[in-house]
Amino acid sequence: MMEQAANAGTTVFVPLRELAAQIKWDERGLVPAIVQDASTKQVLMMAYMNEESFRLSAEKGETVFWSRSRNELWHKGATSGNTQRIASVKLDCDGDTLLIEVIPAGPACHTGATTCFEREAQAVETPLTPSAHRFAILDSLERTIAQREKDMPEGAYTTYLFDKGVDKILKKVGEEAAEVIIAAKNRSADELRYEASDLIFHLLVLLQEQKLPLDEVLQELERRHKK
């Protein structure tokens, strides 16, 4: 299994055992581990690992942490069933923090919430704030769609799309693209706004079905822009 470490500003892939040797454990033999959903990129929780829990995580392919309060190993989801299958492990540039991308089988928080980071405060308003949050709805919508695919709530339109499969989703993308064209030909701003919103929504559903994060699409646009 190949994992990632930072090296002179580039991403270097190394075997997991080599990554373990590069970790700078603190005076208690621990390292903080930030857990992130591999699909939605939502930060789920933060815990600690020691050398043994890191080794067990590698062997099991699921997160195993060290509980500082109980002073014992803690296999996430062992009792609740809310396990976290490891997709990748990354080590930061200083070698003292792990970023673990996982495919969760349920909520990360003991409260039953998807993430432990639910409490949020509004940042101080600055001239940059509107720009920084301009596309926040896309991030929120992407996360909601991913959660709907996991939970498949009865009666939800997104559930219907995922249940019908990729052919239905592709049909809707095609239909909405055609509606965008018609709206533009009609020179109707209201109609175009409505149909473009439908197209973006169904495109996000398609990306989720294909397991292609929106971030990768945005990165591709950024690469093209730099040329």
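Read on for a plain summary of the structure. Bear in mind the structure is a predicted one, so any value in this text is a computation, not a measurement.

Before going further, it helps to spend a moment on the environment of Arg55. Its location among the elements puts Arg55 in helix α2 (residues 51-60). For the pair Arg55 and Leu16, spaced 39 residues apart in sequence, the C-alpha separation works out to 9.1 Å.

Once that is clear, we can look at the side chain of Ser67. Topologically, Ser67 is positioned in strand β5 (residues 64-67). Look at Ser67 and you get buried, because its relative accessible area is 7%. Reaching out from Ser67, the side chain makes a polar contact with the side chain of Ser69 at a distance of 3.3 Å. Leaving out residues up to four positions away in the same chain, Ser67 has contacts with Glu72 and Trp74.

What follows covers the pattern of salt bridges. Taken as a whole, this structure holds 13 salt bridges when the rule is applied. Across the pair Glu175 and Lys172 runs a salt bridge, and its minimum N-O distance is 3.4 Å. With a gap of 3 residues between them, Glu175 and Lys172 both fall in helix α6 (residues 166-185), about one helical turn apart. The residue Arg223 makes a salt bridge to Glu220 at a minimum N-O spacing of 2.6 Å. Here Glu220 and Arg223 lie together in helix α8 (residues 214-226), a separation of 3 residues that amounts to about one turn.

Right, let's talk about the packing of aromatic side chains for a bit. Summed over the entire model, instances satisfying the criterion amount to 3 aromatic pairs. When the centroid spacing of 5.2 Å and the interplanar angle of 45 degrees are considered together, the rings of Phe65 and Trp74 count as tilted. Here the aromatic rings of Tyr157 and Phe201 are separated by 6.2 Å at their centres, their planes lie at 25 degrees, and the arrangement is stacked. Taken together, the residues span a long stretch of sequence, with Tyr157 in helix α5 (residues 157-164) and Phe201 in helix α7 (residues 189-209) at a distance of 44 residues. Joined through ring pairs, the aromatic side chains of Tyr157, Tyr160 and Phe201 make up one cluster.

What counts and what doesn't
- Residues numbered from 1 in each chain as written.
- Predicted model: local features only at pLDDT ≥ 70, side-chain atom pairs only at ≥ 80, totals over all residues.
- Heavy atoms only, no water.
- Helix = DSSP H or I, 4+ residues; strand = E, 2+ residues; numbered from the N terminus.
- Buried < 20%, exposed > 50% of the residue type's maximum accessible area, 1.4 Å probe, protein only.
- Polar contact = N/O pair within 3.5 Å; in protein donor to acceptor, adjacent residues only side chain to side chain.
- Contact = heavy atoms within 4.5 Å.
- Salt bridge = Lys/Arg side-chain N within 4 Å of Asp/Glu carboxyl O.
- Phe/Tyr/Trp six-rings, centres within 6.5 Å; stacked < 30°, edge-to-face > 60°.

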